[in-house]
Structure formats: C-alpha cells, structure tokens
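Commentary on secondary and tertiary structure
Single-letter residue listing:
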Amino acid sequence: MNPREEKVSIITEESTANDEDAEVGRREKSSKVQRQQRKKQPPRADSEEMVTGKAQPGQEEPEMHLLSMPARRGPRSLPPIPSMSRTGFAEFSMRERLREKLQAARSKAESALLQEIPTPRPRRLRSPSEKELETEFGPEPCKESQATSHRNDSQSYSRVKFHDAVQKIKSKPQAPPGFPSAEEAYNFFTFSFDPEPEEPTVKARAKNRDGTHQEEEGEEESPAGGMNKMVLNVIARAGTPQKDEEELLGSQDAKDFLLGLDPAPDEFVVVRPAEYEGTHTWLEKEKELLFFPSRRAVPTWKKLPENVQPRFLEDEGLYTGARPEVARAQQNVVENRLLRQEPERKWFGDDGRILALPSPIKPFSSRPRPLAQEPSAQAGLETHYKKAVKYVHRTQHVVGSADPPGSFQLDIDISGLIFTHHPCFSREHVLAAKLAQLYDQYLARHQRSKAKFLTDKLQALRNAVQTGLYPEKPHQSLDATQKTIKEYKSEIRETRKLRDAEQEKDRTLLKTIVKVWKEMKSLREFQRFTNTPLKLVLRKEKVDQKADEEAYEAEIQAEISELMEEHTEEYEQRLGEYRASYQQWKAWKKAQKAKKKKKKQAEEHPEGEAEEELYPGEEPVKPIPPELLDHAVLEQQARERAAHSRRRPGEPVLLPELSLTGSVTPDDQCPRAEVLRREDVKRRSVYLKVLFNSKEVSRTVSRQLGADFCVHFGQIFNLQIFNWPESLTLQVYETVGHSSTTLLAEVFLPIPETTTVTRRAPVEEVEFSSSQHVTLDHEGVGSGVPFSFEADGSNQLILMTSGRVSHSVAWATGDNGTPLIPPPSQQSLGFRSALKRADAISSIGTSGLTDMKKLAKWAAESKLDPNDPNNAPLMQLISIATSGESYVPDFFRLEQLQQEFNFVTSEELNRSKRFRLLCLRSQEVPEFRNYKQIPAYDREILEKVFQDYEKRLRDKSVIETKDHIDTHRAIVAKYLQQVRESVVNRFLIAKHHFLLSDLVVEEEVPNMSSEGSGILGLSLFKLAEQKRPLRPRRKGRKKVTAQNLSDGDIKLLVNICRAYDIPVRKPPASKSQQPARSSRTFSDRHAASPGAHSPPHSPDTPLSQVSVRPFVEVSFQRTICHTTTAEGPNPSWNEELEFPFRAPNGDYSTASLQSVKDDVFINIFDEVLHDILEDDRERGSGIHTRIERHWLGCVKIPFSTIYSQARIDGTFKINTPPVLLGYSKERNVLLERGLDSVRSLSEGSYLTLFITIEPQLVPGESVREKTSDLLKKFDSQEDEKLLQATEKFQAECALKFPTRQCLTTVTDISGKTVFVTRYLKPLNPPEELLNVYPNNPQATAELVARYVSLIPFLPDTVSFAGICDLWSTSDQFLDLLAGDEEEHAVLLCDYFLFLGKKAWLVMGNAIPEGPTAYVLTWEQNHYLIWNPCSGHFYAQFDTFCPLKSVSCLIGPDNIWFNIQQYDSPLRINFDVTKPKLWKSFFSRSLPYPGLSSVQPEELIYQRTDKAAAAELQDRIEKMLKEKIMDWRPRHLTRWNRHCTSTLRHFLPLLERSQGEDVEDEHRAELQKQLGDYRFSGFPLHMPYSEVKPLIEAVYSTGVHNTDVPNVEFALAVYIHPYPKNVLSVWIYVASLIRNR
Amino acid sequence: MAAANPSVFLLMVNGQVESAQFPEYDDLYCKYCFVYGQDWAPTAGLEEGISQITSKSQDMRRALVWNFPIDVTFKSTNPYGWPQIVLSVYGPDVFGNDVVRGYGAVHVPFSPGRHKRTIPMFVPESTSTLQKFTSWFMGRRPEYTDPKVVAQGEGREVTRVRSQGFVTLLFNVVTKDMRKLGYDTGPADTQGIAGPSLPQGIPR
C-alpha cells in the first residue's frame, strides 16, 4: 500500500509542478465560479450554471474545488514558476483559455501516465468524491445564498463567513451527517498517507506562496491529478496548524476580493453550441491516454538484460517444477505490460520468462469430497450386492492395460531328459554314450550328405568349364568367357577342397564309430557283462567293382588334369615373375659392373667409394627359375589324398546301424560293483523345476532314473501369465534315495516366437551340463573325476555330468483359436524405450525393482530429474544402493524413521535396570510377578534384586549339588524344574484364554430333561419358600476373595481336641523287661475280631503313676504355639491356637496361595519334670525342678491341603517313631471296653484336630475343578468319541452325586488329556523286593507298598503351582522320584496287578489329604485299602482308615462310579459287578475298545550305588550334627560316640524289620551299655528327597532343646538304598543325661 | 531432601459420584472401587465405597442423585496402571431381588484440576433367551465375577453386554511431583509450560 501511495503523491508533485499554468487556469476559473455564485441571486442562475457545467466536459471539476479550496489554501503553494506572464492570457475568452489549458494538462497528464502506472485505485476513489461533491453542493448554494445576502454589506465579511462555514464543516466532519464529512472520512481512511515526505514541500510551497500572489490554477484533467489534489488537501489539513492557515486566509481573502471586484467579462453570458469532438479525435486522444498491451509474444532479448543469453535451469539439471498453467496470450499481455511499466526487468527470470513458483495445485484433492446431498447419507449406507469379480491387476506393468484383461498362457511341454553323462555311468555307458553321439552325428551328416552335394556341384562346374572352353556358340566376347572360366575354375578348386574335407570327415567319423564299437565290444568281453543294449551293425553295400574303379580312376584323372592345369598356370605366373625379376637383377648386375668399372676408374674419389659401399646389401638374389611340376608327382599326390579320404574302389560301402537290440546282462550275473552301481541308479530320481522370471512356478514329478539314463516326463505346464516373460528356466534336480536333493544344472529356454503356437511347436533339445564332482565307490565312473579305460590308468578322461532336455515351449491358443500371446508391441523396442521414460516397472520388469543396480541403471538411462521432489525417495534409494557398491541391503525396512524416533539407543534401554524390571514383571517371571512399586529411578534399584533371578538362569544348566547331596536327585530336581516351567508356560497361555464363565456369573439353565423335570418346578417352589425359615440352616462363613488381603488378615486356626493312646513313660529304673511281644502276623492286624488279641499286661506298672503329661506344640511359618499340658495317655485339650499367615511375596492371589509349601507341624511332647534339688533338706522349702520335654510324635499337614479343603476336621494318626526310648504303649492301663479295644487294634496314637483358615478364603477353583476347565483347553490324542463319552459320563455322574468326583480323563505330563485307564497295567516291581519273601505274598505286597511309599511325596499343587493335576506315568514317576497320591497309587496298583492281585485305584476323599487316590485290593475274602503314600493298609471296616469316602474305582479296563447311597468305605459294597451299585463307564453299549497303555512295557531298575548311599549317609550325619550345634548356640554340645555307634548298629536292624519288634532287644542292649544314663531318643524314618526336610524333622522334635548342663547327644544316620535310587533314611537322635 | 528428589509422585483424587441417568430403573445404589497397577499404592482415603439408595427425582430430569463422595490418595512410581474407578450400580427388580444395573469404569483424569466424567454403564447379557427368561424370573441376572473385570481388556471378547444408562462423576485431581519425575500431564499443572502430553507409557 504504502509504496503505491508514495508513488501517487510523487505523481501529484510532478503534475503540480508541471501544470502550473493549469493551476493558474483553475484558479481563475474558480474565481469565476465564485463570481457565478455571487450571481446566484437570480433563481435561474442555478440551472444556467448547470448548463454551463454540462456543456464543458470536466467542468464539474472546478466545482469540487470550491470545497477543496479553502483547505488547500493554507498549505498550497506553487513551486517557483518561470512563466508568470501567463496571466496575460486573461484577455482571451475564459473558455478558450480553459480549453488550451485542458489540452496542455492532458498531454502532461498523459506523459505522466506513460511514465508511471495509472493505478486504478485513485480513479476508483475519485468517483465517490465526485459524486458526493455534486450532491453535497445542493444545499451549499442555499447557505451561500444566505451568506451572500449580507455580501453587499461587506463582501469580505461574507467571504470570511463562507470560508468559516466551510472550514467548520471540514474541521468538524461529523457535524452535519452525510455531509462533506463522509467524503472526507472516505478519503481519510482510504489514504494512508505519509506526512513526512510531504511536509517539506508543503512548507516550501507555503513560502513560495507568501512571496507570490499570482496564483494560477489549471484544471487537472487526469483523474490522478484530480485525486492528488484531494490528497494534498487532506495532507495540508493534517499537516499545518490552524493558526498558519488563518494567517494565510487573510492573503487569500485579499485576492478573492480583488477577483470578486473585477467586473469586466464576467457579466456576460456567451451562448455557444455544445462542444463536440469527433470520434477520430477521441480515439486520438484515447490513444494518447490509454495503453493497450500487445498480445504478441515479446522477443526474449527484450526481457533479458543486454548481451545475456537465456539460461534454462531445467537443462542444467536443476529442478524447476511445473509452472502453473497460464494462457499464452495472457502471458504475453502481462509481459508486454511489465516491459512497459518496469523497464528494469526484475520480473523476468534467467530464461526470459516471467518468474513463477511451481504450481501449488495438487493433482488430486486431499480433502474428502463433501457428501453431495446431506439427506442421501442414508443411501450411501445402503448395501449393494456386487458379484465377486476376480481381481485383475490394473497396474502399469500389466501388459497392455487397454487390452481386455485376459491372461496369457504359455505352454511348456517337458517330454523328457537324457543324460549324456552321469556319475553312475559305467565305462560301457560312457562308450555307449559316445557311440550314440557319434551315430547321431553320422546320421545327421548322412542326412545332409554334403559330400555328395559337393561332388555333384563339382561335376556340374566341370561340365560348365568344358562347355565354356569349347563353346558351341561363341556369342560372348572372348575375354568375358575367359573370365567366367577363370571364376569357374577357382570355384572348382574351392569345391574340390571342401569335398575332400567332407569326405575325409565322413570317413573318419565312420572310422571312429567302428573304433568305439570295437572298444565297447572288447570292454564287454573284458568285464563279462553287458550294460547297454546298444549294438552296432555295419551293413555292407556291394558295389560294382569295375564301374566303381572306373569312376574312381576318372575322378582321379580329372583331378590330376585339373591340378596339372593349375600348376601350369601357376608356373606361368611364376615364370613371368621370374623373368621380371631376372631382368631387374640383370640390370642391377650391369649397373654393378658399371660401378665397378667406375670404381676402378676413380679410385681416388673417396666419395665414390663411400657411395659404393653404401649398397653392398642391396644386391638382389638371383631369381631361381620356377620348376615345372612333374605329372607323376601330381598324380601321386592326388592318389594319396583320394586313398586317405575316399573309399577305395571296389570296397563295399559301409552303412553303420545302431540298434538297441542287445541284451543286458541280468543283475545276478554281474559282479558286485556293477550290481551296486545298478542299485545306485535305481535309487536316483530326477525332477525338473520350471522357473518363470526366476521364480519357481511348477515342477515335474520325480521320476526314477532308468537304466538307460533316460527320464520321461511328458508333462505340459500351462503358465497363466500377465507379463511378457523375461526368462524361462528349467532346473534339473536329482534326488538320491530319500536324502538330499541336488541341483544338477540350469537350462535356459528361449522364449518362443509369437508364431509358435501349441501343437505346432517342434520338440527341441537343450543340452545342459553340471560342474559337480562326484566320486562313487562302485562301477560308476563319477563326474568330474578322471578315469581311464586302460588297465594302466593312462589316457585319462574327465567327464562332467551332462544331458539333454527335450521340451517344447509355445503359446497356448484360446477357445476360439486365438493365440494367448501378450501383444507383440510389448516387446517391440520402440514401445519399450518410450515406456522406459515413464515407467520403471515396464522397462526393467517387476523383478528388477528389487534389484537396486538395475533400478539405478534405469534411472540413469531415463534421465530422471534428481531434483524433482517426486523422485526424491527413488533417488535416495538409488544413491544408497550405488554409493557403496558392495553394500546393497538385502532387507526391507518397515519403519525407516524408527531410528530417528528412538529416544535412547536400545543398548541404553536394555541397560536400564528399571526397564528391565518392568519387562520382567510384565513377562510374569516368578521372581518379579508381584513386584510392587518399581522405583522411579534406576539408581534406586538395587543390583541384588536381579541376583536371584540371574542365579536361577545360570543354574538352569549348572546342577547345584549343595541342596541336593545326591547328584541324581539334583538332576531330577532340575528336570522337574524344567517340566514345571514348560507346564507353567502352557498354563500361562491357557490362563489368558478366557471363558464366559471366567468373567460372568450366570445361573445355569434349569434342566428340562425328563430326569430333572422337577428341578424347574422345584426352583419355582423355592420362590414360594419363606425368606426367613423358622429353623434356619447353618450358613457358610462369608468367603473372601483373596485379592484384597494383605499380611495379617489371614489367620490359621488350629483346634486341638484330644488324643488317644499316647505312649506312656516307662519307669526309668525298671530293668525288668517285658517279654517280647508276640510277633503278630499279618492276618492278626486286620482281622476284625475283637478280643482275639490280648494285649500283654505289664505287671509292674504302677497304676498310681502319672504315665505321661502330653502337650501339643504347633508350629507354622516359624510361629510356635503350644497347648497346656494335660495328663494321661488320652488327654483332652480343646484349645484353639491361632497363627498369622503370610503369603509368599505378599501375593494373596489364588495361584500363589495354592503354591504355599509351608506345613503345619503338630508335635506332641511329654513334659517331664525332673527334680534337680540337690539337697533333700531343702525339699520342704523350695522346689527345683527342670522341665524336659520329650518328643512323642508329630502330625504334619500341608497348608495347601488346608487351603483347598477350607477346613480339616478329623482324627489323625500320630506319626510316632518305631522306637521311643523310655516310652511304651500302655494299653493295659485302661480297661478294655468295646470301642477302645477296636481302636487298640490299629496300634498307634491318634489326635483329633480341627483346622481352618479365618476368614475363609475362596479356594479359587480347587485344583480338580480347574483341571476340568483346563482340560477343554488342552489338547488330546484320544478318540473324539471317547472324549464325548467321558463328558457324558461325567455329566451324568455329576448330576446324581455332585460331591463325588468322577475321574475319566487326566492330563499327562505333556499337558495332553489321556483316558485314565491307560495308566493301569501290570508293572514289575524290583526283582530284589520279590526275592525277599519268595513264599509270602502278603509280605511281598507290604514290601512293595513300602517301596512305593519311600518315593518322596510332592503334591502337584505345589510342584505345578496353580495348575491342574498332572499324571505322570510310572517310569516318569520313578525317574522324577517325586509325585503325589495319584502317581503313588498308580504305581502301587500296577505292582499289585503284577503280583496277580485284583487291584483298583480308589478315588475318594481322605484325611488329611482331601481328594486323593488309594489302592483297593481283593484278598481271598476281604478288601484291603492301601495308602500308597504311607505304605499302610487298612481293612475295609477299619474305623481309623483315613479314606473317608469313595467316589469311583478305576481298573485297568473300566471305571466304576459309586452310585450307592453312602460313600464311606465302611458302608459300601465293593463288588463292582453289581450295576445297581456301580455305574460302569464301558458297558455293553460302549464296549471297552482296548486302549493301549501309556505305561512302559517294563520298568527297568538300576541298582543304587551303595557307596554313594554310604557317602550320603556320612554327609547327612555330619550336617545334622552341625545343625544341632548351631541350634544350641549358648551351650556346649557333646557327642556321645559310644551311644552313637550303638545306635548306628541298630538302625539297619530297624530297616530290615520295618520298625517293628526290635524295640525291646534294642532297649535291652542300650540299657546294658549305657546303664548309668537316663536318655530319651527315637529313630526318625522318612523317604529321602532333600536335606531340608530332614533338618526340619530333626528340628521339630526339639531334641536339642535341653539345657541340662551335662547333656550328651547321640545321632546316627542310616540310609538304605532301594533300587532306582529310592532311599530310606533313618535318623536316630537321642539325648543322654548321666545319672548320678 | 525428599522434596528435592522425590521417588514417588502422589495423586489425590476427590470428588463425588454425582448422579445417574437410568431411564428404566429406580431406587438404585452404587458401589465404587479403584483398580490400579502394581506400582500404585493407596496412601489415604477409601478405596471402596457403597452408596445410599436413591430414588428418582420427581422433576423432568428424573435424575438419580447420590452425591457420594470419593476421596483417596495414591502414590506411585510409574504412571503405568493409572488408577481407574470402577462403578457398579445395583437396584431391585420387579421381585425385589437386588440385581446389577450397570458396570462402568473410567480412568482418573491425568491432569490436575476439576473434571466431570459421564460414564456409560452396561450389564452382561444372558447367553440365551431362555437364560434371560430364567434369570429374570429367578432374579439372578448375569453378573461379572468381579466388577474389576470392566477395568481390564483381557477376556472381554467372550462377553456380550447391553447399555443401560449413565453415571456422572466429578473429580478434583491434584498431583504432586509428577513433573519432577518427568511426567508432564498437561497445561493445568503449576507452570503450564508445555501443551498437554500424555505421560510416556512403558512398553509392555
């Protein structure tokens, strides 16, 4: 804006400066107008003025100046003008003058216009001002008239008044609305003028004006001029102070006054015709005024500076971009105008064109097109059915996108393959191949019979020469004939040579064939067998000897004559030459002689000498005259040659014939090497791959290699193609046996011509050869390996595998017979090159796109503009590819900007401990699964957080032997760990697979089946039930979901009720021993015959003595509580003990709780008070007793059982040691009455307990429930029908007895579902166990049960935390040496089956285990229930049998579900044959399909290394001793060696007798040896798994807890090894106190 | 020292369960609880709450207003597992059984300040029409095993739900030391330098 304004003002200045005369004129005119105004008193004056105003074009302008004048008056000044005398023209009529002025002004303005651009803006601005002026003037005269009414009185006054009025209007623009203020405002706001540059000139003018009073004003005709005034007006008003203006007013007034007084011409009104200017003049004027830019193109030189060549950036390789589209004419107009206006050419670029930015218009809209009609949105959502059409590539590289998108078809017919050499070739084969090849060659030659052709030609030529030499009609000129004859002759010569060569070749070929055949024959003879059926027959063709000889002779004669002729000719020629040279020589000789003479003459002339000496070497040899060849010699030569190359006359013509009629020696008559070779050939098969554009499209079937090394395929491949093929390749592959496949060779097939169509294409053969080196160990000669036919190995040959593929490639024809060929234009070079520019794909092919170098080459060829942003990615790619010649990335980066957006490097990220911690937690690595509050900074994470984890990772491979003394167990533990991990992984995957029931609790649909028809009704009935029944049922405790818990929320409640049959003390001093208890027989123990056994009475037991003071100590998670001390062997405590429970890692999730390994130890102790008062005299005043506690037995209950059972309620057998020194079972103390006697039969002590968790935890899903859920998720190898049957069976069972568990399928260790009966199968127990009691089956059974029970127990819930029950097979179980009830039960059951017992697996509930598996056996007349984990057995009616309910029995071939009313073993009938009592799985409707077992055929037992066991024994003993010392930090621990050795001897005895019946002898022995010691001790027995449980067990007995000062300890360990590394551990601990 | 180098940031949320729009039901009460990641720990306030039973207003809005306050403070080291509030609305059906009327969850707003959230509520659908009938009849509608299910994405593909209504919540969120630990949660933070940017999540 501003510059333009400036420009305008500059124009103004110029025009004002130049138009001083116009100014003058205007001034005068304005005065005239004023005069007119004065004259306005008559009413008609107005109209008159209008007329005059109209009459003169541009007359309205002065009127405007009435307004502007007063304002202009102040600042207005004129530059000093030299021609002041202009005023003199006032004599002329005003109009004349005015016109002149007008003219002048116009021309001036025009010139100004030509100099400067007539900006349209002023013109536009003018019009409103003009209009307003006219309208505004309407009321003005009225005012004026009012003013002028007083003018007579004082003109000057009125004048001032008028000015004032105007001034007032000007200064207060807003005063009259719609008056000059509007126009002024318009001006004011539209012109943002700059007063600074204006002011000096204004001042200058003011100065001038002060000096000169002659003001002349001309009307400025140019609109710009007019406007400029306005500008100046405004400027003036803004720029000059009011005071100054008033000052000036005075002077102005004076002048006006003068003008006004001038009476002379103004009084007249001149009437004239209206001025008219002709069109021509108008046009002339317009031409002066207006500028029409030409439409013609501007020559480039005009647009560029002088002597500058246009420069085309694009040609220089710079990116210029596409210019926006502008019409050429338009462009020319603009250029012309620019040239006119701004001669400095700054608008033109170097190339002579107007500068332009690249077209910003994108070819397509980036904004989605608005929906055409809003209401039709619905229509847009409608679905239209469109038939599915096959997608056809419409991209550019599709051949002829304009063509119908048909696919083209190339038929490749591979008929077969013949090896010309193969590694398996025998020597004979090599020869045969050679022979065949030669024969082929022969046949080919024979067919062409070139020799014959040449002979005929020769004959013809000779004839021609004959006729030529002796022409009958000499119509030709002689020299022409001569010439032809010469040509003929030379041709004859050539032909003869050729013929000779051919004949020679033929002959040698024939000779070679015969030679090879002979070789072959000799070879066959030598090796005594034939490999190939090739047979060569030479057929002799009799010839007429005489005629033949004649022909031969004639031929030779002809040849000789010809040769003769040739030689003579040659001789002639040579002779000519000789003569010429001889002449020369002679001449020279002469010269020489002359020279010699000269020499003699001028001996004194040295230079002559020198000259002479210069030519000694130039002496020409004397030419030898050519010899004429003798005829005889020639004949000799010709005959020799003929004999060499030609059949001898009379010799029969030999025609070889190769046939395959020979017989091949059968295999059995061949030597071994050859048989091997033939077998090897048979094992080989060959197939071909067809590669189209180096991509495999199909392959032939694999065909066996025939004995003749021919393979027939006869397959036709129809390739549906889109592109013009780039390459067609066949790859020959050979397979040896079932092993490797090797690529033998690649055969490149030519792409067929467009004319070759299927069925017309000839079968062609393409040879291939391979560079592979094969050496074979049989008769085969190999490939690439030298071999020889000679016996001495000389004359070696190296043959490479080679062969021929016969094929034909052709274009297929369509249904209507049109060949399906891509249009030939596609191949035509012109088309391609044209396309190359545009499309990379069509020029280098699709496959080329992946080849960087090809792409780069193409880019270079097609001259891509590297600066075009469109090509940037391509160029970048190419530059990357080509810059490092060797580096072509063979990968494709998906997110190429990833690098830029990585905020740290990945190494740094991996180094971050926090990140690592987060990752590990996210992966649910056990150590970190529940890591809470991962610190915000790396530095806050301690390195030791990872230590355990890293150690575990390290230990994965390293077997740690610290915890597991025995290496085998360490290995097993590792294995178990691995199995656990893999199962955990499986489980984790399954865990993230949700079922609806996992998420949504939904009522089951009431069963509508006939059986349960009442259920819906029942539930309806339930609705009518009272909400609050009068006799409320016991409601379960509120269950708590485990998640919200934290430490201290959960308590374990142990209620100790009472105990039975606690062992009682024996009087320490009593030396009289009971007689050894009658060794009870097996049958005694279970024979439920009360009274049959009479316990021995010990006569000396005092009734009054307090036999025992037992108390119970319960320890759980290192918290120990104990009850009060009760008295007697049948104490009753009824005490509740409370233990806080802490979950590992504070994780109270179900899975975590299930994996809590802690046990509740319930130990029963006897509190013994010892009077230690030394002095009996003080007995009256003080009591000094020491409390000792003696361990009597323990009950161990795993927490996992409590958790899954929610509560444990029952009577448990106390695990008492087989020998309790100082104690005995005192059955006789109490009277034998009814029940007691029954109880006493099952010897042992019992404890009644109630254990629960407060608050009750939701047991999650019990393991078995989860199993059934997970079973669906795990896969199975069982028959689908069987699985369906199991589901049905289970559903039926669950419907009838929902509490009874029905087991049909289980999960094996690899996570697969297996039908349960597959686990039961007779399996052999270890031999040595069977041999112990060969005649006592029952004892053997017990021993076997003991063996099974010695395998450590490890509940599945613990080993596979949170995972289902897994059943391992017995061999796995024995390998693992750990398992839970199922594994034990299965193994025991299998052993019993082996022993010939009837045995079943019992699934049911027992205490304390909960759902478990027992084994049921049928003895002669009763059932026995075996606890596989303890080895104990119970009679069916034993009240203390831990098995409390039976839900199903599993046999090797069936499953029976208990459908009896009761499930207690006491009350049920085990007779499974009764279908009313037992529902069997396999029945008549579903017969047992004979499922194969998953168990191994036989168990193999290794004998355990006794030495290792002994070593282990020593180590355990040492460790336990150290531990005991550790546990007694404040006391001295003495070891009684004597006692220890006694104990050590005793332990094997215990093992042998299984802890029975040795107590008394042992006691006696001890008594004898350590009579003066009071001691308590007991042996502990347990299966060996790890060291830790042993230590725990010893610790829990509390033997170490005596603080008697002189106590001594004895500890002995014995390990008895059983096969398969099953170890029985005995630990004997005793404390001894010396009696004084 | 703690102020200069904080190792945890604090998030204080108070506000209320304002009201609900359940066009079909009346006499509803709601429960809320928070679900948060392992790095989070509540330091003060109630994590769970159960509101009074409210009846619909008699005016045109038919709003169920609880105005049940929430006030809890968490501390955390990691924005992963940002707390979510889980709402479950219960009310009696025609037989008077308490049935669930909607579940919904929303994250506690990240940026400090006052936020109003309207949560759409939904209930799980019965698996069959018969189930639907019986569950209606027995008053045992399908429920989530744990309302916290709605705050997790895992396993949701097996369920089908029906939309029920809306609950409006008001949160006033104050954070402490977030910026010091490098988490910029938005313009309303004290300095207000950067524009809103979500805290950098830790890749799972």
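Structural notes, computed from the coordinates. Remember, predicted model here, so these are calculated numbers, not experimental data.

**Some points on the environment of Leu28(B)**
All names here are of chain B. Tracing the chain through its elements places Leu 28 in the loop between β1 (9-21) and β2 (29-35). Separated by 25 residues in sequence, Leu 28 and Ile 53 have C-alpha atoms that sit 5.2 Å apart. Other than its neighbours up to four places away in sequence, Leu 28 contacts Phe 22, Gln 52, Ile 53, Thr 54, Leu 64, Trp 66, Val 89, Tyr 90, Gly 91 and Arg 101.

**Things to note about the packing of aromatic side chains**
Residues and elements named next belong to chain A. One pass over the structure, following the stated rule, counts 46 aromatic pairs over all chains. Ring plane angle 25° and centroid distance 5.8 Å describe the contact between Phe 1116 and Phe 1199, whose orientation is recorded as stacked. Of this pair, Phe 1116 sits in strand β17 (residues 1110-1116) while Phe 1199 sits in helix α37 (residues 1199-1205), placing them 83 residues apart in sequence. Here the two residues Phe 1116 and Phe 1199 agree in accessibility, since each one is buried. One cation-aromatic arrangement involves Lys 285 over Trp 282; the distance from NZ or CZ to the ring centre is 5.9 Å.

**Side note on helix α45 (residues 1381-1394) of chain A**
The terminal C-alpha atoms of α45(A) lie 20 Å apart, and with 14 residues this matches the ideal 20 Å at 1.5 Å per residue to within 8%. Taken from the residues just after α45(A), Gly1396(A) is the one with a positive phi, measuring 90°.

**A short note on the nonpolar core**
Residues and elements named next belong to chain A. With 72 residues, the main nonpolar core has Leu 1052, Ile 1056, Ile 1162 and Leu 1247 as its most contacted residues. Residues within four places of Ile 1056 in sequence aside, it is in contact with Val 1112, Val 1114, Thr 1123, Trp 1133, Asn 1134, Glu 1135, Leu 1137, Ile 1162, Leu 1247, Thr 1248 and Leu 1249. If you look at the next biggest cluster of nonpolar residues, it comprises 55 residues, including Leu 1329, Ala 1385, Cys 1389 and Phe 1392.

**Quick notes on unusual backbone geometry**
The residue Asn1134(A) is not glycine, and still its phi comes out positive at about 55°. Take Asn1134(A): it is sitting in strand β19 (residues 1132-1140). The phi torsion at Asp177(B) lies on the positive side, around 65°, for a residue other than glycine. Locating Asp177(B) in the fold gives a position in the segment after β10 (161-176). Looking at Asp177(B), the relative accessible area reads 13%, which means it is buried.

**As for the packing of helix α46 (residues 1506-1527) of chain A against helix α49 (residues 1587-1597) of chain A**
Residue and element names in this part refer to chain A. It is at 11 Å that the axes of α46 and α49 come closest, and there the two elements cross at 45°. It follows that α46 is oblique to α49 by the angle criterion. Note on packing geometry: the crossing formed by α46 with α49 is right-handed. Facing Ile 1516, Met 1519, Leu 1520, Lys 1523, Ile 1524 and Trp 1527 of α46, the residues of α49 in contact are Val 1587, Leu 1590, Ile 1591, Val 1594 and Tyr 1595. Class assignment for the residues of the contact of α46 with α49 results in ten nonpolar, no polar and one charged.

**Points about the environment of Phe34(B)**
Residue and element names in this part refer to chain B. The topology assignment puts Phe 34 in strand β2. Judged by its relative accessible area of 2%, Phe 34 falls in the buried class. Between the C-alpha atom of Phe 34 and that of Gln 84, which follows or precedes it by 50 residues, the distance is 5.5 Å. Not counting residues within four places of it along the chain, the set of residues in contact with Phe 34 comprises Leu 46, Glu 47, Ile 70, Val 72, Phe 74, Pro 83, Gln 84, Ile 85, Val 108 and Lys 148.

**Focus: the packing of helix α42 (residues 1337-1349) of chain A against α45(A)**
Residues and elements named next belong to chain A. Contact geometry for α42 and α45: axes closest at 10 Å, N-to-C directions at 155°. As summarised for this structure, α42 and α45 are arranged roughly antiparallel, according to the angle between their axes. The hand of the α42/α45 crossing is right-handed. Contacts from Ala 1341, Val 1344, Ala 1345, Tyr 1347 and Val 1348 of α42 reach α45 at His 1384, Leu 1387, Leu 1388, Tyr 1391 and Phe 1392. Class assignment for the residues of the contact of α42 with α45 results in nine nonpolar, one polar and no charged.

**Here we look at the side chain of Ser698(A)**
Relative to the assigned elements, Ser698(A) resides in strand β5 (residues 695-699). Ignoring anything within four residues of it in the chain, the contact list for Ser698(A) reads Leu688(A), Lys689(A), Val690(A) and Phe717(A).

**Notes on the sheet that holds strand β35 (residues 1534-1535) of chain A**
Residue and element names in this part refer to chain A. Overall, mixed pairing links the four strands, which are arranged β35-β37-β38-β36 in an open sheet. Two strands lie at the open edges of the sheet, namely β35 and β36 (1573-1583), each paired on one side alone. As paired elements, β35 and strand β37 (residues 1607-1618) share two bridges and run parallel to each other. Bridging across to β37, Arg 1534 finds its partner in Glu 1608. Packed onto the sheet, α46 meets β35, β37 and β38 (1622-1634) and runs at close to 155° relative to β37. Each of β35, β36, β37 and β38 touches helix α47 (residues 1537-1553); the most contacted strand, β37, lies at about 30° to it.

**A word on the pairing of strand β33 (residues 1455-1458) of chain A**
Two faces make up the sheet, and in a regular strand the side chains alternate between them. Residue and element names in this part refer to chain A. Burial of β33 is two-sided: the residues Ile 1455 and Phe 1457 facing one way and the residues Trp 1456 and Asn 1458 facing the other way are all buried. As paired strands, strand β32 (residues 1443-1450) and β33 are joined by three bridges and run antiparallel to one another. Along β33, the bridge assignment pairs Cys 1448 with Phe 1457. Taken together, β32 and the strand that follows it, β33, pair antiparallel across an intervening segment of four residues. In this sheet, strand β34 (residues 1478-1480) lies alongside β33 in antiparallel orientation, the contact comprising three bridges. Looking at the pairing, Trp 1456 lines up with Ser 1480 of β34.

**Notes on the interface of chain B and chain A**
Taken together, the contacts link 43 residues of chain B with 35 residues of chain A. Approximately 3,100 Å² of surface area, both sides summed, lies buried where chain B meets chain A, with 54% of it carried by carbon and sulfur atoms. Among the residues chain B hides against chain A, the three largest losses belong to Gln38(B), Met138(B) and Glu154(B). Together they make up 19% of the total. At the junction of chain B with chain A, the criterion picks out one salt bridge. Its salt-bridge partner being Asp39(B), residue Arg921(A) comes within 2.6 Å of it at the nearest N-O pair. The interface formed by chain B and chain A contains six residue pairs in polar contact (both at pLDDT 80 or more). Mapped onto the side of chain B that touches chain A, the elements with two or more residues apiece are β3 (40-45), β5 (64-76), α1 (129-138) and β9 (143-144) of chain B.

**Section: the pattern of salt bridges**
If you walk through the whole model with that rule in mind, you get 32 salt bridges over all chains. Between Arg162(B) and Glu125(B) there is a salt bridge whose closest N-O contact spans 3.0 Å. Of this pair, Arg162(B) sits in strand β10 while Glu125(B) is found in the loop between β8 (113-124) and α1, placing the two residues 37 residues apart along the sequence. On the basis of relative accessibility, which here comes to 39%, the residue Arg162(B) falls in the partly exposed class. Taken together, the salt bridges that share partners define one network made up of Asp680(A), Arg683(A), Arg684(A) and Glu734(A).

Cut-offs and rules
- Residues numbered from 1 in each chain as written.
- Chains lettered and ligands numbered in written order.
- Predicted model: local features only at pLDDT ≥ 70, side-chain atom pairs only at ≥ 80, totals over all residues.
- Heavy atoms only, no water.
- Helix = DSSP H or I, 4+ residues; strand = E, 2+ residues; numbered from the N terminus.
- Contact = heavy atoms within 4.5 Å.
- Phe/Tyr/Trp six-rings, centres within 6.5 Å; stacked < 30°, edge-to-face > 60°.
- Buried < 20%, exposed > 50% of the residue type's maximum accessible area, 1.4 Å probe, protein only.
- Lys NZ or Arg CZ within 6 Å of the ring centre and 35° of its normal.
- Expected span 1.5 Å × (residues − 1).
- Core = buried A, V, L, I, M, F, W, Y, C linked by side-chain atoms within 4.5 Å.
- Axes fitted to C-alpha atoms, helices over the stretch in contact; angles between N-to-C directions.
- Parallel < 35°, antiparallel > 145°, perpendicular 65-115°, else oblique.
- Left-handed = near helix turned anticlockwise from the far one by under 90°.
- Nonpolar A, V, L, I, M, F, W, Y, C, P; charged D, E, K, R; others polar.
- Pairing = 2+ DSSP bridges.
- Buried area = accessible area lost by both parts, 1.4 Å probe.
- Salt bridge = Lys/Arg side-chain N within 4 Å of Asp/Glu carboxyl O.
- Polar contact = N/O pair within 3.5 Å; in protein donor to acceptor, adjacent residues only side chain to side chain.

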